[in-house]
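# Per-entry structural report
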Amino acid sequence: MSGSKSKGCMKSAIIIFNLIVFVSSLAGSAVLALGIFSLVSDYGAKQLSSVLGNDLYHDAAYVAIAAGAAITAISMCGCCGSIKESKCILGMYLVFMSFIFVVLLTAAVLIFIFLGQISKDAKVSMTSILTEQYGVDLDERADNRVVTDMWNFMQKQLQCCGVSGGANSTTSWAAYKLESKWYEQFSAGIPYVPDSCCRPEGDLELCTGMKTFSGPPGADVPLLPGTGRNPHMYDTGCYDEVVHYVQGHALIIGGGALVAVVIILFGIISGVCLCKRIRYDAFLS
């Protein structure tokens, strides 16, 4: 009677453990997918890091990919160990899952540190990168090429120009002609802004200042009262849109990592309990 009861308990323990392992593998796949998405999306983690001057988002994406792939693979090991009732295989599962637990927890911490830093540091970093690296030494410096391509893509997609503020700000469209090394390359003093600041349906020459317009980009800031906005160009900065985008995606990755951490913790606890149950049954037999 006690033997059949013991077998029933063991069968229940294996079913529960395998269910948790299955959920763990799903969580691993989800984290893997989130990490890959953050790298290959339109605003990839690598490109955004080059604009924001902060690598934590980029690093956390790679950690999420590695951890997600490892969880999915190791979960199979745990499943095999439970079916065979092997303490050795389950022990390996527990060791590897404990390591992944620490790695994913680190990734989540990195993400939330990044979220705390981005709103404080991003504006300064974006201004420095735009004024120092945009459009300068593109043939000699690959990092400047990445920065330039990302700024151009970002300005077109987000319909913005420069770093922050509106049409009357010195750090939006005016940052190019007031501070950037890109503008210093033009002995004629024009164009004032790059083509990526121009609306696709607008006049490129009126947008960049190659033709005179009574307002931006040729006008000085602050703009005089009554000065109209240039309908051919984007005149608000990209900061708010970029930060909003990155914060949203970083929260998804960080939240996914935390959920996976909780599931893994349950997997580790259930694995330890199953090992004890196997040892107990072996002692009885």
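What comes next concerns the included structure. Residue positions are given per chain, counting from 1 as you read along its sequence in written order. Local features in this predicted model are restricted to residues whose pLDDT is 70 or higher, and side-chain atom pairs enter the listing and the counts only when it is 80 or higher, whereas totals over whole chains, interfaces and linings include all residues. Hydrogens are left out, water is left out, and the side-chain values use all remaining heavy atoms of the structure.

### Re the overall build of the protein
- Broken down by element type, the protein carries nine helices and zero strands.
- For the protein, the N- to C-terminal ordering of α and β elements is α-α-α-α-α-α-α-α-α.
- Here's how the labels work: a residue is buried when its accessible area is under 20% of the maximum for its type, exposed when over 50%, partly exposed in between, all with a 1.4 Å probe on protein chains only. Taking all 285 residues of the protein together, 47% fall into the buried category.
- Taking contacts inside the protein between residues at least 6 apart in sequence as the whole, the part at least 24 apart equals 70%. Helical segments are the DSSP runs of H or I of at least four residues, strand segments are the runs of E of at least two, and each set is numbered from the N terminus. Residues count as neighbours in contact if any of their non-hydrogen atoms are within 4.5 Å of one another.

### Observations concerning the nonpolar core
- Of all hydrophobic cores here, the largest spans 67 residues; its most connected members are L104, W151, W173, Y176, V193 and I264.
- Elements with a contribution of two residues or more to this core: α1 (2-40), α3 (56-84), α4 (87-133), α5 (142-158), α6 (174-179), α7 (181-184) and α9 (239-284).
- Apart from residues no more than four positions distant in its own chain, W173 is found in contact with C161, G162, A167, V193, P216, P217, A219, V221, L223, M233, Y234 and D235. Nine residue types can take part in a nonpolar core, namely buried Ala, Val, Leu, Ile, Met, Phe, Trp, Tyr and Cys, and a core is a set of them joined through side-chain atoms within 4.5 Å.

### A short note on a nonpolar patch on the surface
- Two joining distances apply to patches: 9 Å for like charges and 5 Å for nonpolar side chains (Val, Leu, Ile, Met, Phe, Trp, Tyr), and every residue must have over 30% relative accessible area and no salt bridge. The Shrake-Rupley method, run with a 1.4 Å probe sphere, supplies the accessible areas, and residue values consider only the shown protein chains as cover. Here a salt bridge means any side-chain nitrogen of Lys or Arg lying within 4 Å of a carboxyl oxygen belonging to Asp or Glu. A contiguous nonpolar patch, built from L105, V109, F112, I113, L251 and L258 and spanning about 470 Å² of accessible area, is present on the exposed surface.
- Mapped by element, the contributors of at least two residues to the nonpolar patch are α4 and α9.
- The element that contributes the greatest number of residues to the nonpolar patch is α4, accounting for four residues.
- Turning to its location among the elements, L105 is positioned in helix α4.

### Side note on the environment of I65
- Its location among the elements puts I65 in helix α3.
- Given a relative accessible area of 19%, I65 falls into the buried group.
- Linking I65 and F37, residues 28 residues apart in sequence, is a C-alpha distance of 9.7 Å.
- Setting aside anything within four residues of it in sequence, one finds I65 in contact with L32, G35, I36 and L39.

### Here's the deal with unusual backbone geometry
- Note the cis peptide between P216 and P217, where omega equals 5°.
- Residue position: P217 is located in the loop between α8 (204-208) and α9.
- Cis rather than trans, the peptide bond between V221 and P222 has omega equal to 0°.
- Positionally, P222 belongs in the loop between α8 and α9.
- We note that D137 has phi near 50°; this positive angle belongs to a residue other than glycine.
- Taking the relative accessible area as the measure of exposure, D137 reaches 42% and is therefore partly exposed.
- Even without glycine at this site, Q159 takes up a positive phi of about 55°.
- By the secondary structure assignment, Q159 is in the loop between α5 and α6.

### Quick look at the pattern of salt bridges
- A full pass over the atoms with the stated rule returns six salt bridges.
- Among the salt bridges present, the one from K211 reaches E205, with a minimum N-O distance of 3.6 Å.
- Three or more residues are tied together by salt bridges with common partners; here these are D203, E205 and K211.

### Considerations on the side chain of Q155
- If you trace the backbone, Q155 turns up in helix α5.
- At 3.0 Å, the side chain of Q155 and the backbone nitrogen of G162 are in polar contact.
- When residues no more than four places from it in sequence are discounted, the contact partners of Q155 are C160, C161, G162, Y176, P194, S196, C197, Y234 and C238. Any N or O atom pair separated by 3.5 Å or less is treated as a polar contact, with the protein-specific requirement of one donor-capable and one acceptor-capable atom, and with residues adjacent in sequence counted only for side-chain atom pairs.

Function cannot be inferred from these measures alone, as they are strictly geometric.
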